[in-house]
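# Working through the structure, step by step
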Amino acid sequence: MLVELGHFALILAFLITLVQGSLSLVGARRQSDYLIGVGLKAAQIQCLLLTLSFMALVYAFLRSDFSVLLVATNSHINKPLIYKFAGTWGNHEGSMLLWALMLALYGAAFALFSKQIPLGFRARVIGVHGFMSLTFLAFILFTSNPFERLLPAPFEGNGLNPILQDPALAAHPPLLYAGYVGFSITFAFALAAMLYSKIERDWAVWVRRWVLVSWIFLTLGIGLGSFWAYYELGWGGFWFWDPVENASLMPWLAGTALLHSVMATARNGQFMRWTLLLAILTYALSLVGTFLVRSGVLTSVHAFANDPERGIFILLIIVVSVGAALAIYARAMRQELPSVGTNLISRESALMLNNVFLATATSTVFIGTLYPLFVDALGYGKISVGSPYFAAVLTPICVPFFMLLPFGPFLSWQKSLATQFIKPLLVAITLAALSVAVFWQIRPSLGVPVAFALLGAFWLIFGACAAPLARARLFETGWISRLIRLPRPLYAATLAHAGIGVMVLGIIGATAWREEVVVAANAGDRLSIGTYDFVFDGVQTHEGPNYLAERGSLRFLSGARAGDVLYPEKRVYQAERSQTTEAAIDISLMRHVYAALGETLEDGRRVVRVWLHPLVVLIWMGGLMMSLGGLIGLTARRAA
Amino acid sequence: MVHKAKRAQKLRAFLIFGGLVALTLIAFITLTTLEDNLVFFRSPSDLATKPAPVGQKLRVGGLVLEDSMMRQDLTVNFIVTDLNNKINVRYTGILPDLFREGQGVVAEGAFDPSGVFVAETVLAKHDETYMPPEVAEALKNAGQWQGDQDAR
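Below you will find a few notes about this structure.

### Points about the overall build of chain B
When you go through chain B residue by residue, the secondary structure sums to 3 helices and 7 strands. Along its sequence from the N terminus, chain B presents helices and strands in the succession α-β-α-β-β-β-β-β-β-α. A total of 152 residues make up chain B; the buried ones form 45% of that total. Partitioning the contacts of chain B with sequence separation of at least 6, the portion at a separation of at least 24 is 53%. Accessible area of chain B: about 8,200 Å², with a carbon and sulfur share of 58%.

Here's what the structure looks like:
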């Protein structure tokens with residue numbers, strides 16, 4: 001019964017989007033407050049209906065209602081409750097409904113929290129947004145209906161892919177989608193601004209917070225996904241340059257560029273054309289990401305079962321919405337925009353450079369990700385583009401980008417003097433060089449390329465911290481109280497920029513210094529990695545809620561950890577008839593000891609694989625710092 | 001003054017656009033010239049008609065032949081087939097969880113002089129009902145495709 005109600009609510013929401021889109025736009029044209037009011041209400045009703053619809057699906061999963069096809073194919077009675085809940089979006093149909101719900105939540109949030117924006121503009125945003133919801137709800141209803149019935153209902157479901165039965169992956173899709181979908185509001189803002197006969201810079205002022213919110217979610221979502229891949233796939237890698245991963249990286253890079261260019265546009269209309277285009281493209285890349293993941297056109301280690309028909313529908317959504325947006329853009333760009341002059345050494349130039357680097361990075365990732373599709377379409381055979389390409393093209397972009405990055409926050413708008421940054425940055429580079437020297441002491445076999453990479457990482461960290469400290473005039477009387485009272489955007493930038501340095505440091509540690517040992521061991525055998533010695537105590541079986549596990553024991557023999565035991569597991573999920581590897585990780589700030597259990601050999605020995613990943617945790621800490629920086633930026637009233 | 005600012009803006013726009021085009025071009029050239037960047041996919045039948053040079057990085061794919069898996073310490077030997085032709089594959093390390101005889105697999109590596117494909121990586125999939133598109137196509141080309149029943 002509740003399932004039918006959910007289905008009905010979904011259809012009703014679809015119809016409401018039609019009302020929302022058309023009445024808002026007509027109301028905006030006729031300047032009818034009444035029609036606009038209806039449009040804004042419609043956005044909230046749509047959100048309510050989709051919440052109801054989603055809840056009905058969640059309920060069906062929690063109750064294991066196998067008369068619903070989706071539940072029968074993706075759930076199982078014996079699954080722990082949390083994964084019944086998270087299983088709602090652990091499949092194509094459910095995750096698309098989650099996408100639509102996010103879209104509606106952003107729409108309703110905009111309708112509720114945009115009272116300071118003129119009514120006509122709100123109407124245009126919510127109207128455009130309504131039509132975007134319309135396309136997605138049509139997609140769900142016509143190709144991916146989650147409420148389809150299965151009669152007669154089976155007694156037991158097929159279960160959820162065990163690799164997805166993990167807390168990090170339960171939270172990963174909602175976060176990632178909150179990021180992707182957030183850019184729909186940015187897109188709607190850009191279109192709304194262009195629907196006026198004269199483009200004002202106001203839209204950029206209003207849109208800043210929405211860009212930030214989406215960017216924070218996307219950053220967290222990608223970080224969590226990478227952390228999951230690291231510990232769940234049992235390979236100990238954190239990024240594989242896989243098409244599905246690149247799919248989320250592209251909107252992130254574009255979104256980061258947007259985040260910066262929108263500041264200049266909000267201030268005095270600088271880069272207006274570019275910022276508008278970027279707002280369109282960022283959402284377009286979010287859609288392309290969804291297309292790549294959902295259509296299965298590219299071979300990916302993260303690919304799930306998929307259906308080409310759905311891919312074509314998503315492609316159609318992309319072509320129609322982005323095509324329409326670009327047509328509106330082309331028309332709007334015929335008008336004369338006020339030109340703003342600036343000096344070479346200024347905040348504006350810094351932001352422009354930032355955008356050049358980020359846009360180039362986006363397009364190189366885009367080319368590398370989609371190139372196999374072109375080659376295949378032209379009939380030259382199936383190829384894949386691997387990490388050597390991405391390393392080769394992104395290094396020459398990142399090196400100058402990171403070298404210049406610490407200068408940005410020092411520069412003031414319009415005109416800056418070199419005296420503002422020379423002294424503090426000289427101190428920063430000296431400290432960075434000293435830190436590298438310290439590392440050289442610890443690891444004499446460092447090597448020149450790694451030393452330079454380290455220098456870069458520390459330069460980013462110290463350079464980022466130099467800006468607020470110099471502004472507060474460090475060590476002059478009263479500097480602490482000045483430091484506290486610095487504008488929040490400066491703190492946001494410092495934290496986010498230092499986060500990049502911390503992340504680079506983590507990447508260096510995890511790639512240049514990682515050690516690996518693979519052995520076939522009998523119980524009682526010893527193995528060692530780095531400065532650690534272990535004894536393998538054999539394998540025991542152990543029963544989980546819906547799986548049987550073989551649990552290996554790896555005991556530390558020496559050092560501060562002596563006596564501690566790592567328990568890597570191989571799990572067999574009976575319902576799904578499949579196996580997962582659960583790595584055991586000993587976590588500390590300086591390194592991870594990462595152990596995975598392999599299969600049993602014919603002579604009874606067991607394959608055991610142990611990695612040492614120095615500093616790897618910094619990768620995700622850096623990501624968290626960036627998100628936190630974004631959060632601080634969110635609380636600031638103005639951009640800079 | 002206005003005129004000057006406008007010219008500066010034009011110049012800037014030109015610089016941005018030019019820079020983007022140049023960098024994208026560089027990416028494209030890197031992509032097409034460095035051989036290591038591109039890895040071609042070959043099915044067992046492709047390789048039977050046109051063998052690949054020793055040491056060239058490739059992806060091969062097909063089904064893991066039933067009863068073909070042989071272990072020796074950490075090294076696994078198995079046969080990948082599109083049901084018309086076969087390739088011997090050798091891999092050292094821990095196989096992905098979903099590796100099984102009779103299932104689709106993609107391996108990346110190169111042939112050694114004795115004609116054995118030495119895999120550096122064996123691609124894992126998150127989903128056992130999933131068939132890598134290349135493998136599905138290789139099977140179709142070999143006339144051995146069983147329809148869509150297991151590809152959902």
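Here the narrative resumes.
### Some points on the pattern of salt bridges
Residues and elements named next belong to chain A. Scanning all chains against the criterion turns up 18 salt bridges over all chains. Linking Arg 473 and Glu 476 is a salt bridge whose minimum nitrogen-to-oxygen distance equals 3.2 Å. Between Arg 571 and Glu 569 there is a salt bridge, and its shortest N-O distance comes to 2.8 Å. Across the pair, exposure class does not vary: Arg 571 and Glu 569 are buried alike. Taken together, the shared-partner salt bridges in this structure form one network comprising Arg 551, Glu 569, Arg 571 and Glu 582.

### Digging into the pairing of strand S5 (residues 86-92) of chain B
Residue and element names in this part refer to chain B. Because side chains alternate across S5, one face comprises the buried residues Ile 87, Val 89 and Tyr 91, and the other comprises Lys 86, Asn 88, Arg 90 and Thr 92, none of which is buried. As paired elements, strand S4 (residues 75-81) and S5 share 7 bridges and run antiparallel to each other. Bridge pairing links Thr 81 to Lys 86 in S5. Connecting S4 to the antiparallel partner S5 that follows it, the hairpin turn spans 4 residues, and Leu 83 within it adopts a positive phi of roughly 75°.

### As for the nonpolar core
One recurring pattern in soluble globular proteins: nonpolar side chains tend to sit buried together. Judged by nonpolar contacts, the single largest core of 173 residues is most densely connected at A:Leu50, A:Phe121, A:Phe136, A:Phe189, A:Trp203, A:Leu276 and A:Leu454. Per-element tally for this core: the top contributor is helix H7 (residues 167-195) of chain A, with 16 residues. Dropping the residues within four chain positions of it, A:Leu276 is found in contact with A:Ala190, A:Ala193, A:Met194, A:Ile199, A:Trp203, A:Tyr329 and A:Met333. The next biggest cluster of nonpolar side chains, apart from the first, holds 19 residues, and it includes B:Leu47, B:Tyr91, B:Ala119 and B:Val122.

### A look at unusual backbone geometry
Put simply, A:Leu151 and A:Pro152 share a cis peptide bond, and its omega is -5°. Structurally, A:Pro152 can be placed in the loop between helix H6 (119-143) and H7. Despite not being glycine, A:Arg473 shows a phi value in the positive range, around 50°. The backbone phi angle of B:Asp67 is positive, close to 60°, even though this residue is not glycine.

### Section: the packing of helix H12 (residues 347-377) of chain A against helix H13 (residues 387-404) of chain A
Residues and elements named next belong to chain A. Look at H12 against H13: their axes get within 10 Å of each other, and the N-to-C directions meet at 170°. It follows that H12 is roughly antiparallel to H13 by the angle criterion. Contacts between H12 and H13 involve Leu 353, Asn 354, Phe 357, Leu 358, Thr 360, Ala 361, Thr 364, Val 365, Ile 367, Gly 368 and Thr 369 from the first element and Tyr 389, Phe 390, Val 393, Leu 394, Ile 397, Pro 400, Phe 401 and Leu 404 from the second. Its residues assigned to classes, the contact of H12 with H13 comprises 14 nonpolar, 5 polar and no charged.

### A look at the pairing of strand S5 (residues 548-556) of chain A
All names here are of chain A. Pairing geometry for strand S4 (residues 532-543) and S5, over 8 bridges, is antiparallel. If you follow Glu 543 over to S5, its bridge partner there is Leu 548. By the bridge criterion, 4 bridges tie S5 to strand S7 (residues 569-573) in an arrangement that is antiparallel. By the bridge assignment, Leu 548 is partnered in S7 with Val 572. Pairing of S5 with strand S6 (residues 565-566) involves 2 bridges; the strand directions are antiparallel. Across the sheet, the residue bridging to Arg 555 is Val 565, located in S6.

Criteria and cut-off values
- Residues numbered from 1 in each chain as written.
- Chains lettered and ligands numbered in written order.
- Predicted model: local features only at pLDDT ≥ 70, side-chain atom pairs only at ≥ 80, totals over all residues.
- Heavy atoms only, no water.
- Helix = DSSP H or I, 4+ residues; strand = E, 2+ residues; numbered from the N terminus.
- Buried < 20%, exposed > 50% of the residue type's maximum accessible area, 1.4 Å probe, protein only.
- Contact = heavy atoms within 4.5 Å.
- Areas by Shrake-Rupley, 256 points an atom, 1.4 Å probe, with all protein chains shown as cover.
- Salt bridge = Lys/Arg side-chain N within 4 Å of Asp/Glu carboxyl O.
- Pairing = 2+ DSSP bridges.
- Core = buried A, V, L, I, M, F, W, Y, C linked by side-chain atoms within 4.5 Å.
- Axes fitted to C-alpha atoms, helices over the stretch in contact; angles between N-to-C directions.
- Parallel < 35°, antiparallel > 145°, perpendicular 65-115°, else oblique.
- Nonpolar A, V, L, I, M, F, W, Y, C, P; charged D, E, K, R; others polar.

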